[in-house]
Amino acid sequence: MSDSVSTPAPVTVLLVEDDEVIRRSVAMALERYGYRVLVAADGLTGLELFREGRHDLVLLDVMLPGLDGIGLCRRIRETATDPILMMSARGDALDVVSGLEAGADDYVVKPVDTAVLVARIRSLLRRAAFVSPVPEPAGTAGPTGPLLFGDLSLDPAALEVRRGGERIALAPTELRLLLEFAAHPGIVLDRQTLLREVWDYGWDGDTRVVDLCVQRLRKKIGAERVETVRGFGYKWKR
């Protein structure tokens, strides 16, 4: 009998970045932290590698030749809910908003501090493999069944969401946000609380990520379910 203990496969990051210097430095930094890194220098190659499916998270630049990062993010979101972290060279508001609207979960500004980048990656991976934060049913179903909110069904155990009987594909961050709302029906949650509980930020972050994720979630589950409380945050309607 073998005494060897199998070790988990390393987390694979698909890095799509056209600047060779940045691509190499980011790849080397992530490899030092134990990540396996696949690289692509343009959007179309990145899409090809993505479709091969050998990755756990996508890290992509906004400005890419051929197919830019915004377009690549949209193409990925057409079929998949994999965690996506975007890099913006300027932290430009338009870049950030466009990336988040396209379906990115979060963003970092270049030049990227390695510790911040790794912290954001770890946070995204935790969101993709989290345990439901809903301890008790907030809807009308029994304690072991899905939570029901009108035609919306949320199963915290199976991590499944259905609207009118049809399953809805939510990205990890969208699902975590939905579960956070469902765990606090009728309670106003401010943006900083959501950044802490959903995005796992231990510091003040850009609240635009919250607003744009709420916007994407509303499109999928119904705009009327999440109420904006001006000057405070958001509230899940009972």
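These notes cover the structure that comes with them. This one's a predicted model, so the numbers in the text were calculated from it and none came from an experiment. The written sequence of each chain sets the order in which its residues are numbered from 1. Totals for whole chains, interfaces and linings use all residues, but because this is a predicted model, local features are given only for residues with pLDDT of at least 70 and pairs of side-chain atoms are given and counted only at 80 or more. As a rule here, side-chain values cover all heavy atoms of the structure and leave hydrogens and water aside.

1. Observations concerning the packing of helix α1 (residues 20-32) against helix α5 (residues 114-128)
Then, number 1: Interaxial angles span 0 to 180 degrees and are taken between N-to-C directions of axes, which are lines fitted to C-alpha atoms, for helices over the stretch in contact. Secondary structure elements follow DSSP: runs of H or I no shorter than four residues count as helices, runs of E no shorter than two count as strands, and numbering proceeds from the N terminus. Closest axis-to-axis distance for the α1/α5 pair is 11 Å, and the angle between their directions is 65°. Helix-helix and strand crossings are classified by hand; for α1 and α5 the assignment is right-handed. Here Val26, Ala29 and Leu30 of α1 come into contact with α5, specifically with Thr114, Leu117, Val118 and Ile121.
Then, number 2: Tallied by class, residues from the contact of α1 with α5 come to six nonpolar, one polar and no charged. Here a crossing is taken to be left-handed if its near helix is turned anticlockwise relative to the far helix by less than a right angle, and right-handed if that turn runs clockwise. Note on contacts: a residue pair is in contact if any heavy atoms of the two residues lie within 4.5 Å. Just so you know the grouping, Ala, Val, Leu, Ile, Met, Phe, Trp, Tyr, Cys and Pro go in nonpolar, Asp, Glu, Lys and Arg go in charged, and all remaining residues, Gly too, go in polar.

2. What to know about empty space enclosed by the protein
Then, number 1: Cavity means a closed set of points on a 1 Å grid over the protein atoms alone, one where a 1.4 Å probe fits but cannot get out, pocket means an open set with protein on both sides within 12 Å along at least 5 of 7 lines, and lining means a residue has an atom within 4 Å of a point. Grid points are joined across faces, edges and corners, and a volume is the space filled by probe spheres set on the points. The tally for this structure, following the rule as stated, stands at two cavities of 30 Å³ or more.
Then, number 2: One number sums up the size of the largest cavity: a volume of about 40 Å³.
Then, number 3: Surrounding the largest cavity, Val62, Met86, Ser88, Asp95, Val96, Gly99, Leu100, Ala104, Asp106 and Tyr107 form its lining.
Then, number 4: Contributions of two or more residues to the lining of the largest cavity are made by β4 (84-88), α4 (93-102) and β5 (106-109).
Then, number 5: Ranked by residues supplied to the lining of the largest cavity, first place goes to α4 with four residues.
Then, number 6: The residue makeup of the lining of the largest cavity, split by class, is six nonpolar, two polar and two charged.
Then, number 7: For the second largest cavity, the full set of lining residues is Leu100, Ala104, Asp105, Trp199, Val209, Leu212, Cys213 and Arg216.
Then, number 8: Sort the elements by how many residues they give to the lining of the second largest cavity and helix α8 (residues 208-221) lands first, with four residues.
Then, number 9: Residue classes in the lining of the second largest cavity are distributed as six nonpolar, no polar and two charged.

Bear in mind that shape data such as this cannot, by itself, settle questions of function.
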